[in-house]
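Structural characterization, general
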Amino acid sequence: MSTTIPQAEPVAVTAIRPSPSPGMGFFSPEEPPMTMQIAMVGTDGIVLASDRKWGGDTGGSRETHHAPKIKFSEQRGIAVACSESEVSLSIATKIMNEFKQSDHESSCLALERIANSAMQGFDRERIARPQSHFLIVLREQSLRLFSLKVGPEGQNCTQVFDKRRAGDPGNPAMFFAQAYYAPRPIKKLAILGAHIVLTAAQ
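Residues numbered from 1 in each chain as written. Predicted model: local features only at pLDDT ≥ 70, side-chain atom pairs only at ≥ 80, totals over all residues. Heavy atoms only, no water.

Attention now goes to the overall build of the chain. The secondary structure content of the chain amounts to five helices and eleven strands. Evaluated residue by residue, the chain yields a buried proportion of 51% over its 202 residues. Taking all contacts inside the chain whose residues are at least 6 apart in sequence as the whole, residues at least 24 apart take part in 57%. With the model as given, the accessible surface of the chain reaches about 9,900 Å², and the carbon-plus-sulfur share is 50%. (Helix = DSSP H or I, 4+ residues; strand = E, 2+ residues; numbered from the N terminus. Buried < 20%, exposed > 50% of the residue type's maximum accessible area, 1.4 Å probe, protein only. Contact = heavy atoms within 4.5 Å. Areas by Shrake-Rupley, 256 points an atom, 1.4 Å probe, with all protein chains shown as cover.)

Here the focus is the pattern of salt bridges. The full count for this structure, using the stated rule, is three salt bridges. The partner of K94 in a salt bridge is E98, and the shortest N-O contact between them spans 2.7 Å. With a gap of four residues between them, K94 and E98 both fall in helix α1 (residues 86-98), about one helical turn apart. One salt bridge connects K100 with D103, and the closest N-O pair in it is separated by 3.7 Å. Given the relative accessible area of 42%, K100 is considered partly exposed. If you follow the salt bridges from partner to partner, you end up with K100, D103 and R113 in one network. (Salt bridge = Lys/Arg side-chain N within 4 Å of Asp/Glu carboxyl O.)

Attention now moves to the nonpolar core. Among the nonpolar cores identified, the biggest contains 29 residues, and I38, M40, L48, V137, L145 and I196 are the most heavily contacted of them. For this core, the elements supplying multiple residues, two or more each, are β2 (37-41), β3 (46-51), β7 (78-82), β8 (132-139), β9 (143-151), α4 (174-180) and α5 (186-200). Looking at this core, the element that brings in the most residues is α5, giving seven residues. One finds C108, A115, F146 and L148 within the second-largest nonpolar core, a separate group that totals 24 residues. (Core = buried A, V, L, I, M, F, W, Y, C linked by side-chain atoms within 4.5 Å.)

This part takes up the packing of α1 against helix α2 (residues 107-119). Between α1 and α2, whose axes approach to 9 Å, the crossing angle comes to 130°. Between α1 and α2, the angle is such that the two are oblique. Along this stretch, α1 crosses α2, giving a crossing that reads as right-handed. Mapping the contact onto sequence places V87, I91, K94, I95 and E98 in α1 and L111, I114, A115, S117, A118 and M119 in α2. Residue classes in the contact of α1 with α2 are distributed as eight nonpolar, one polar and two charged. (Axes fitted to C-alpha atoms, helices over the stretch in contact; angles between N-to-C directions. Parallel < 35°, antiparallel > 145°, perpendicular 65-115°, else oblique. Left-handed = near helix turned anticlockwise from the far one by under 90°. Nonpolar A, V, L, I, M, F, W, Y, C, P; charged D, E, K, R; others polar.)

None of the figures reported here should be taken as evidence of function without further support.
Right, here's the structure in full:
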């Protein structure tokens, strides 16, 4: 499970294969002013695509910068795409660090438990906001894709067998996923993922 992503660009697509092998990165000079992630299950792996724009309020003004929203570990066999917030980043980091080999037997329960533990570090005012949504790829004997939603009401994890969007609900760019997604080689799905993320910014 690996990728090569140009660090200066705002769009990242991670193509994940069942066994360690050279991955691929696609990028575009366009700059999406929003946040969106999409995951698609292919015939030979799973694709995670995301914008790279982070923002935050500093002294009454909103500042932005570019940084990866897809965290991955080749050694641990896990990749996490998270939306823009300090809470989301904290949960994603905890998942990356604490998900164990033995957790594969009950992956959703383990992911919900880790997310709940991470939420304890934030006061209720900080988490009283729309749900954080994570797209998670786990590799054991095979690749599996999970959707994890975390919010004030708790955590909910489900396994995904085709495609799933996170962030920017209702964006019309998802038309392309509905119309053109099919289980294809990840090289083709990576191009579709990049197109969806870029179109979502228009």
